[in-house]
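# Inside the fold
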Amino acid sequence: MTHGEQPVRSDQLSSEPSGATCRMASVETAAEHERILREIESTDTNCIGPTLRSVYDGQEHGLFMEKLDARIRNHDREIEKMCNHHFQGFVDSITELLKVRGEAQKLKSQVTETNRRLQDDGKDLISSMEELQQCRVQQRNIATTIDKLTHCLPVLEMYSRLQEQMRAKRYYPALRTLEQLEQTCLPRAGQYRFCSIMAENIPKLRTQIRDTAMTQLRDFLESIRKHSDKIGETAIKQAQLQRSLDSSVSMQPRALISRRGRKEAAASTVTDSNGQGGSPVSEQDSGILDVEDEEEDDEIPGAQDLVDFSPVYRCLHIYTVLGLRDVFENYYRKQRRKQARLVLQLHSNMHETLEGYRRYFNQIVGFFVVEDHVLHTTQGLVNRAYVEELWELALSKITAALRTHSSYCDNPDLVLDLKNLIVLFADTLQGYGFPVSQLFDMLLEMREQYGEILLKRWNLTFRQVLDQDNYSPIPVSTEQEYRHYTSQFPLQDPELEKLPFPKKLPFSEFVPKVYCQLKEFIYACLKYSEDLHLSSTEVDDMIRKSTNLLLTRTLSNCLQYAIKKKNVGLAELVQVIINTTHLEQSCHFLEEFISNITNVPPDTVNATKLYGTSTFKDARHAAEAEIYTSLNAKIDQFLQLADYDWMVQGGGTQDASDYLIDLIAFLRSTFSVFTNLPGTAIEHATLPGKVAQTACMSACKHISTSLMQLLLEPEVRQISMGALQQLYTDVKECESFARAGPVAGFQGDTLLLAFSDLRQLLDLFTQWDWSTYLADYGKPTCKYLRVNPHTALALLEKLSKPMKETSRKNNMFAQFRKTDRDRQKLIDTIIKQLRNLIAQHQT
């Protein structure tokens, strides 16, 4: 509020507009009541509630009721005015209505009379119409009956035909009749009791047909299981005959299946006897679908002639019509898989005879011939994948079984027959399109086993030949005998041929026998390699490898056995050397022999060479070593008789020991045998002479070494000079034997070198030349170059022990001589010097 303004009083604000406000409120209330009255007059009674509620909610209820009463009185006055205006018209209308009632009664009487007369007149017409209606109903029933009979008679006829087909066991036409009856005739016939009975029987008949067809299939499966052996035997015979004919025309994979059955199947593809179509084949025929139209005059009997396949085709068609083809295919394949497993099982003793293998292969061939026939004569019952799966199973079982059972066989003839049977088996199935490479791979594996069996047999043969041999040159008295042996063994000796009869071949009996057995072994290996579809080079390589095994393992072991067995004399060992020399020279003839039978030149690149040369060289070296060993063992026997008195006093005897004299006599006689063996001069101027030289040198070295060991044995603790003198005499006897040249061919004093170690050692002690030895030791010109200081020290210590013991005894009796004391001191000095010499050289 600003300065100077006057405040307004509240009583002034409230009293001034009060009259105007009351007037405005009465006007609004009157207008509202008027609106409510209009709504009551124009609104449905169901919706008047809200309007009335607004009246009671307001504050002017009494005023509204007054207006309402005034409005009602106004409407009453208007109704009264309207009624007074229309009253006379209403009275006139009542009068008119009373007049019409009289006329209406008259009209009713007339209508009733007319109706009575009409009813009387229409009774005859109604009777006639009823008769006409009855006639027409009868006509319609007759037409309906005729129509129904027209549809029912074919049903009855078809059912009668069905019964005849069932009785005649013509199940496939019966199944087609059932299908036609169910799908065509019965729906047309309608709902009749006999139709219901027929409809109920149809599933039973189908089940009967299906079960009968399955029974026939089971009989068929049992039949082919029994006939598999015969089918396979026939197919194998045909394959064998075809191979023997060596025809230039290649056979088709199914050439062994008779085409006559296919032609009959083609002719049988007609409708059944009652003219009902739908069956692809006749009930009584095989039902081969892939007919071949080739015209052939000569038919080869096959599986078609041995087995009736019609149950398979019939059952297949029946199950196809029934919509159960998959069920049938699965059942057939399952049953055939079971039969395949039964066929592939081997008997425990099958490996004992060839007949067991033959029956086994016949059954397998029969099984797959049948499957191949079914494969090519049905549409999808078996497919190529199924047959290949079975064949893969069969291959794995066959190869595993043959590897197991053939390993039990130890008869090479049976293995060879089995190989030929497997080849024929493989060729037969290959003719039907089955892959057989695994069988031929297995045959190559069996060839290793066959080779081992051959080696075992030839091992016994070689041992028998070697045991029965007399190890003496073969005497021949006539030209016929000579040609007999030279035909068995390729002997080429012009000088021997010039000699007059009787004469002796340089080798013993086992040479031609062994050579003939080698050729027999090669022939045996060649027999196995036949028909394996191998090239000449492969056959040649296989034969050469097997022959090498025979030479390097079997024959070599037999020769080693013959050489090392007991009671083999030196003469026999020398004969073995001669024999192996001739066999070694014959190896190139074996090479030519193999080349001739395999038609492969020996100089072919990568051709396997025979190891016979090394085999016989090894045997000859073993025989030579056995000669040396045997000779040394005999020498050891003489040396065991040596009985030296190592403590003998004095100079000993001037004669050699008795055992050594006997030993030298034995050696002279032995080496005389070496240089005077019967036979050609050439043979014994080469190898036996070298053997004799080596044996003589080995014997001399062994004697020298053994005598040296006698001196150095730990058991011999003391040695006297007298014992050394006796040993010196024995060595001179040995050197005399060496100078005499018991074996020709030594140059100069080569044989004396065997005794040089012992000779120089004994010279050193007997001459007591220690100053020279100690001064010149280690020089190339040393007189005692071959004397080892260790050996000299050991022997000198044994020599000094008797003197020490004598010295102790003399000390006890105070009689020890000065010369003995000086000699002992000298020996002690030499021992000390030898020890220093050894220590210097070790350093």
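Residues numbered from 1 in each chain as written. Predicted model: local features only at pLDDT ≥ 70, side-chain atom pairs only at ≥ 80, totals over all residues. Heavy atoms only, no water.

Low-confidence regions, as indicated by low pLDDT, have predicted coordinates that should not be scrutinised in detail. Averaged over the chain, the pLDDT score is 78; the fraction of residues at 70 or greater is 84%. Looking across the chain, the model is least confident in helix H7 (residues 260–267), with a mean pLDDT of 35, and most confident in helix H17 (residues 510–529), with 91. Scored below 50 in pLDDT, residues 246–299 makes 101 contacts in the model with residues more than four places away or belonging to other chains. (pLDDT = per-residue confidence, 0-100. Helix = DSSP H or I, 4+ residues; strand = E, 2+ residues; numbered from the N terminus. Contact = heavy atoms within 4.5 Å.)

With that settled, consider the pattern of salt bridges. All chains considered together, the criterion is met by 28 salt bridges. Among the ionic pairs, Glu113 bridges to Arg117, the shortest N-O distance being 3.7 Å. Residue Glu113 and its partner Arg117 are located together in helix H4 (residues 61–167), separated by 4 residues, close to a single helical turn. For Glu113, a relative accessible area of 32% gives the class partly exposed. Taking the shortest distance from any N to any O, the salt bridge between Arg359 and Asp229 comes out at 2.7 Å. Separated by 130 residues along the polypeptide, Arg359 in helix H11 (residues 354–377) and Asp229 in helix H6 (residues 193–245) bring together distant segments of the chain. The structure contains a network of salt bridges with shared partners spanning Glu113, Arg116, Arg117 and Asp120. (Salt bridge = Lys/Arg side-chain N within 4 Å of Asp/Glu carboxyl O. Buried < 20%, exposed > 50% of the residue type's maximum accessible area, 1.4 Å probe, protein only.)

This part takes up helix H5 (residues 171–189). In the structure, H5 departs most strongly from a straight axis at Leu181, where the bend amounts to approximately 40°. Along H5, the positions that sit buried rather than exposed are Tyr171, Tyr172, Pro173, Ala174, Leu175, Thr177, Leu178, Leu181, Cys185, Leu186 and Ala189. On the buried face of H5, the contacting elements are H4, H6 and helix H9 (310–321). (Bend = angle between axes of the 7 residues up to and from the residue.)

We now examine the packing of aromatic side chains. Aromatic rings considered in pairs are described by the distance between their centres and by the relative angle of their planes. Counted according to the given criterion, the structure contains 26 aromatic pairs. Ring geometry for Trp458 against Phe521: centres 5.5 Å apart, planes inclined by 80°, an arrangement best described as edge-to-face. Of the two residues, Trp458 sits in helix H14 (residues 437–468) while Phe521 sits in helix H17, which places them 63 residues apart along the sequence. For the pair formed by Trp458 and Phe521, the shared burial category is buried. The rings of Phe765, Trp768, Trp770, Tyr773, Tyr777 and Tyr784 are connected pair by pair, giving a single aromatic cluster. When the ring centre of Tyr561 is taken as origin, the NZ or CZ atom of Arg463, which lies over that ring, is 4.2 Å away. (Phe/Tyr/Trp six-rings, centres within 6.5 Å; stacked < 30°, edge-to-face > 60°. Lys NZ or Arg CZ within 6 Å of the ring centre and 35° of its normal.)

Considering the arrangement of structural elements, one finds Ala740 in the loop between helix H24 (721–739) and helix H25 (756–767). In the structure, Ala740 is positioned 11 residues away from Leu751 in sequence and 9.9 Å away in space, judged by C-alpha atoms.

So, on to the side chain of Lys798. Counting through the fold element by element, Lys798 comes out in helix H27 (residues 789–813). It is Glu713 that comes nearest to the buried, bridge-free Lys798 among opposite-charge side chains, at 7.4 Å. A polar contact of 2.8 Å, which involves the side chain of Lys798, links it to the backbone oxygen of Val716. Not counting chain neighbours up to four residues away, the residues in contact with Lys798 comprise Leu711, Leu712, Glu713, Val716, Arg717, Gln718 and Ile719. (Lys, Arg positive; Asp, Glu negative; His and termini not counted. Polar contact = N/O pair within 3.5 Å; in protein donor to acceptor, adjacent residues only side chain to side chain.)

Looking now at H11. Think of an α-helix as turning once every 3.6 residues; residues three or four places apart then point the same way. An ideal rise of 1.5 Å per residue puts 34 Å on 24 residues; H11 measures up with 34 Å between its terminal C-alpha atoms. Burial analysis of H11 places 20 of its 24 residues in the buried class, which makes it a mostly covered element. (Expected span 1.5 Å × (residues − 1).)

Their axes nearest at 9 Å, the elements helix H13 (residues 412–431) and H14 cross at an angle of 170°. Relative to H14, H13 is oriented roughly antiparallel. Touching Pro412, Asp413, Val415, Leu416, Leu418, Lys419, Ile422, Val423, Phe425, Ala426 and Asp427 of H13 are Leu439, Phe440, Met442, Leu443, Met446, Tyr450, Ile453, Leu454 and Arg457, all from H14. Classifying every residue of the contact of H13 with H14 gives 16 nonpolar, no polar and 4 charged. (Axes fitted to C-alpha atoms, helices over the stretch in contact; angles between N-to-C directions. Parallel < 35°, antiparallel > 145°, perpendicular 65-115°, else oblique. Nonpolar A, V, L, I, M, F, W, Y, C, P; charged D, E, K, R; others polar.)

Outside of glycine, negative phi angles account for most residues, and trans bonds account for most peptide bonds. Following Phe501, the chain continues to Pro502 via a peptide bond in cis, the omega torsion being -5°. Within the element layout of this structure, Pro502 appears in the loop between helix H16 (494–498) and strand S2 (503–504). Notably, Asp531 is not glycine yet its phi reads approximately 65°, a positive angle. Take Asp531: it is sitting in the loop between H17 and helix H18 (536–564). Its identity as a non-glycine residue notwithstanding, Trp768 has a phi of 55°, on the positive side.

Among the surface-exposed residues, Phe87, Phe90, Val91, Ile94 and Leu98 lie close enough to one another that they form a single nonpolar patch of about 500 Å² accessible area. Here Val91 is to be found in helix H4. Exposure remark for Val91: the relative accessible area of 33% places this residue in the partly exposed category. (Patch = residues over 30% accessible without salt bridge, like charges linked within 9 Å, V, L, I, M, F, W, Y side chains within 5 Å. Areas by Shrake-Rupley, 256 points an atom, 1.4 Å probe, with all protein chains shown as cover.)

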